[in-house]
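Inside the fold
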Amino acid sequence: MTERDRLLKEIKEEVLVLKESPLYLFRTTNKYFPVIGEGSHEAKIVFIGEAPGRNEAKTGRPFCGSAGKILDDLLAGVGINRSDVYITNIVKDRPQNNRDPLPEEIAVYGPFLDRQIDIIQPKIIATLGRYSMGYIMEKFGLSDILRPISELHGEVFEGKTSYGSVLIIPFYHPAAAIYNRSLIEILKKDFAILKKYR
Ligand code: URA
């Protein structure tokens with residue numbers, strides 16, 4: 001086990017017993033799993049979604065339902081293997097009825113995401129949806145240029161980390177394309193930028 005494996009496993013163990021989370025009781029009552037993240041611990045690209053849905057909470061795997069199918073297709077379209085990237089969410093437990101994450105949930109789980117980024121040290125952070133975009137832009141001091149996702153999707157921003165610079169690329173959330181098919185073409189076009197960084 002590498003040092004990265006060990007540090008990421010620590011996160012998993014801490015989230016498992018995170019009784020202070022407003023979602024802990026909902027998880028344990030439903031025998032759900034927390035969804036910590038999946039993929040390469042050496043990944044150059046980390047994808048960050050919002051929160052697990054039902055399929056994810058039942059399996060403990062991120063993006064394994066219908067949004068995951070769209071993400072898989074987008075990755076395949078730009079020749080990226082899912083196993084070469086790391087996929088996670090800001091919120092690690094399923095919110096009731098798939099509602100949007102609440103600020104207090106983002107506050108509880110955000111520090112775990114921060115640690116995952118510090119451990120994996122990606123070159124690219126690809127945010128999926130407006131919540132992860134907002135969180136990451138703020139984290140990297142880019143709040144001033146934060147705009148609606150309709151204006152920022154597909155743009156590349158630079159953030160500074162303790163290990164050097166990181167490129168931040170906001171994407172629409174793949175689930176949005178389930179209800180609005182025109183977003184698929186926009187997502188495909190935006191994902192094309194990742195070919196440069198594979
Ligand atoms: N939507 C997300 O934001 N994350 C998942 O893991 C699944 C669906």
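Preceding block: the structure.
Residues numbered from 1 in each chain as written. Predicted model: local features only at pLDDT ≥ 70, side-chain atom pairs only at ≥ 80, totals over all residues. Heavy atoms only, no water.

1. Details of the site of the ligand
Test applied: Whether a residue is near a molecule or strand depends on its heavy atoms: if one lies within 4 Å, it is near. Polar contacts, as counted here, are pairs of nitrogen or oxygen atoms within 3.5 Å of one another; within protein the pair requires one atom able to donate a hydrogen and one able to accept it, and residues that are adjacent in sequence qualify only if both atoms are side-chain atoms. Buriedness of a pocket was judged along seven lines, with at least five required to meet protein on both sides within 12 Å; pockets are open sets of points on a 1 Å grid over the protein atoms alone, cavities are sets where a 1.4 Å probe fits but cannot get out, and lining residues have an atom within 4 Å of a point. A cavity or pocket is said to hold a molecule if more than half of that molecule's atoms lie within 2 Å of its grid points.
Inspection of the region around the ligand gives Gly49, Glu50, Ala51, Glu56, Pro62, Phe63, Asn89 and His173 as its neighbouring residues. One of the backbone N or O atoms of Phe63 is found 3.0 Å from an oxygen atom in the ligand. At 2.8 Å from an oxygen atom of the ligand is found a side-chain nitrogen or oxygen belonging to His173. More than half of the atoms belonging to the ligand lie within 2 Å of the grid points that define the largest pocket.

2. Let's talk about the environment of Pro122
Applied cut-off: By the criteria applied, helices consist of DSSP H or I runs no shorter than four residues and strands consist of E runs no shorter than two, each listed in order from the N terminus. Exposure categories follow from relative accessible area, calculated using a 1.4 Å probe and restricted to protein chains: below 20% of the type maximum is buried, above 50% is exposed, and the middle band is partly exposed. Contact definition: two residues touch when any of their heavy atoms are within 4.5 Å.
Topologically, Pro122 is positioned in the loop between α5 (103–120) and β4 (124–128). Assessed through its relative accessible area of 0%, Pro122 is described here as buried. Along the backbone, Pro122 and Tyr163 are 41 residues apart, and their C-alpha atoms lie at a distance of 9.3 Å. Dropping the residues within four chain positions of it, Pro122 is found in contact with Ala43, Lys44, Val46, Ile117, Tyr163 and Val166.

3. Quick notes on the side chain of Glu105
Tracing the chain through its elements places Glu105 in helix α5. Given the relative accessible area of 1%, Glu105 is considered buried. One polar contact links Glu105 to Arg99, side chain to side chain, over a distance of 2.7 Å. Other than its neighbours up to four places away in sequence, Glu105 contacts Pro22, Leu23, Val91, Pro95 and Arg99.

4. Side note on helix α9 (residues 182–191)
The periodicity of an α-helix, 3.6 residues per turn, causes residues three or four places apart in sequence to face the same way. Defined as follows: The reported arc concerns the directions from the helix axis to the C-beta atoms and nothing else.
Residues of α9 that are buried include every one of Leu183, Ile184, Leu187, Asp190 and Phe191, and no others. Viewed end-on, α9 has its buried residues packed into an arc of 130°, placing them on one side of the element. Next to the buried residues of α9 lie β2 (45–49), α4 (66–77), β4, β6 (164–171) and α8 (176–179).

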